[in-house]
Amino acid sequence: MESRKFKNIEIKFSEGNHQYYVDDDGKKIRPASVSKIIKGDNSFGVGALAGRKNFLETLVEELPNTNLLRVNDLTDLQEKLFDIKKIAENKWKSAAELGTVIHNFIESYLRGNMAESGYHKGHDERDNQIRLMQYPLYEYLNANVKKVHAVEYLVYDNSILPYAGKFDAWIDHTKYGECLVDWKTVTKKSVTKLYKIQLVGYMYALCNELGREPFNRLIVAIDKDTKEIKEYLYDTDSYVKDLQIWKNYLQIHYFLDEKKK
């Protein structure tokens, strides 16, 4: 279990259940995570919207193979829809695993462990595709990371409502200077609009902890299909507006959570 202490606070993160545990000056708290607040586990959340989007896309893709338009009865329809749901879930799981591999590769580079971990192993088509993503990423990191301040860093804030999270990296970029970075594996269908708001949640907690002003946020996205790397910079001028959106998400999350109780 990862842990970090600052001021009179100790924050712990369990990878097994993706849960944060906080001792806030003697008060035990299990705060919501930044990702859960943004993605949600209810009809409000982006995660729910993305899940439905993934199911509908799979439905359209698999339609020619299912004879869905020529079902015999309700039971037949339910069985076919269940099969499509499983296909959609497997696609999501495969994408999540690929994202983890890429994140681990970047983390190894930033921590100086490349000689130990190296490129992805394996010889099937998926393994080859992962390496084809890693090669341009290595070149990108080598060219753009000037200094590393923190990697996979735990944060917590309770100035409005308690929440916790773990951001990907805090670096000095050769072009953009000091940046809080989120690495994303994407496709042209990815839901991307709220990535910058997720980064605000981390930034707000970090700046409150350190007593400092915000700095640049940077999304670095690598396309799983084209292997192209794109940067999306959000400077300090956009921070105030994006922070208000984050605060709204935070308050709505706790409102919906209270309703469930």
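The sections below set out a description of the structure shown in this document. Source: prediction; values computed, not measured. (Residues numbered from 1 in each chain as written. Predicted model: local features only at pLDDT ≥ 70, side-chain atom pairs only at ≥ 80, totals over all residues. Heavy atoms only, no water.)

**A short note on the environment of Asn8**
Structurally, Asn8 can be placed in the loop between β1 (2-6) and β2 (9-14). A relative accessible area of 55% places Asn8 in the exposed class. Residues Asn8 and Asp24, 16 residues apart in the sequence, show an inter-C-alpha distance of 6.5 Å. In this structure, Asn8 is in contact with Asp23, Asp24 and Asp25, ignoring residues within four places of it in sequence. (Helix = DSSP H or I, 4+ residues; strand = E, 2+ residues; numbered from the N terminus. Buried < 20%, exposed > 50% of the residue type's maximum accessible area, 1.4 Å probe, protein only. Contact = heavy atoms within 4.5 Å.)

**Side note on the side chain of Asp127**
Inspection of the secondary structure assignment puts Asp127 in helix α5 (residues 125-144). No salt bridge is formed by the buried Asp127, whose closest oppositely charged neighbour, Arg126, lies at an N-O distance of 4.8 Å. With residues up to four places along the chain from it excluded, the contact list for Asp127 reads His120, Lys121 and Gly122. (Lys, Arg positive; Asp, Glu negative; His and termini not counted. Salt bridge = Lys/Arg side-chain N within 4 Å of Asp/Glu carboxyl O.)

**Some details on unusual backbone geometry**
Of note in the backbone geometry, Asp25 takes a positive phi value of approximately 55 degrees without being a glycine. Of note, Asp25 is situated in the loop between β3 (19-24) and β4 (27-29). Taking relative accessible area as the criterion, Asp25 reaches 56% and is therefore assigned exposed. One non-glycine residue, Lys227, lies in the positive phi region at around 65 degrees. On the basis of relative accessible area, Lys227 is assigned to the buried category, the value being 14%.

**A closer look at the environment of His173**
Considering the arrangement of structural elements, one finds His173 in strand β7 (residues 163-173). Since its relative accessible area comes to 3%, His173 is described here as buried. Placed 25 residues apart in sequence, His173 and Val148 show a C-alpha to C-alpha distance of 9.0 Å. Leaving out residues up to four positions away in the same chain, His173 has contacts with Tyr140, Asn144, Cys179, Leu218 and Glu231. A polar side-chain atom of His173 sits 2.9 Å from the main-chain amide nitrogen of Lys175. At a separation of 2.9 Å, a polar atom in the side chain of His173 contacts the side chain of Glu231. (Polar contact = N/O pair within 3.5 Å; in protein donor to acceptor, adjacent residues only side chain to side chain.)

**Thoughts on α5**
Helical geometry note: an α-helix holds 3.6 residues per turn, so side chains three or four residues apart project in the same direction. When the terminal C-alpha atoms of α5 are compared, their 29 Å separation across 20 residues agrees well with the 28 Å that a helix rising 1.5 Å per residue should span. Of the residues making up α5, those classed as buried are Asp127, Ile130, Arg131, Met133, Gln134, Leu137, Tyr140, Leu141 and Asn144. The opening residue of α5 is Asp124, an N-cap whose side-chain oxygen sits 3.2 Å from the backbone nitrogen of Arg126. (Expected span 1.5 Å × (residues − 1).)

Bear in mind that shape data such as this cannot, by itself, settle questions of function.
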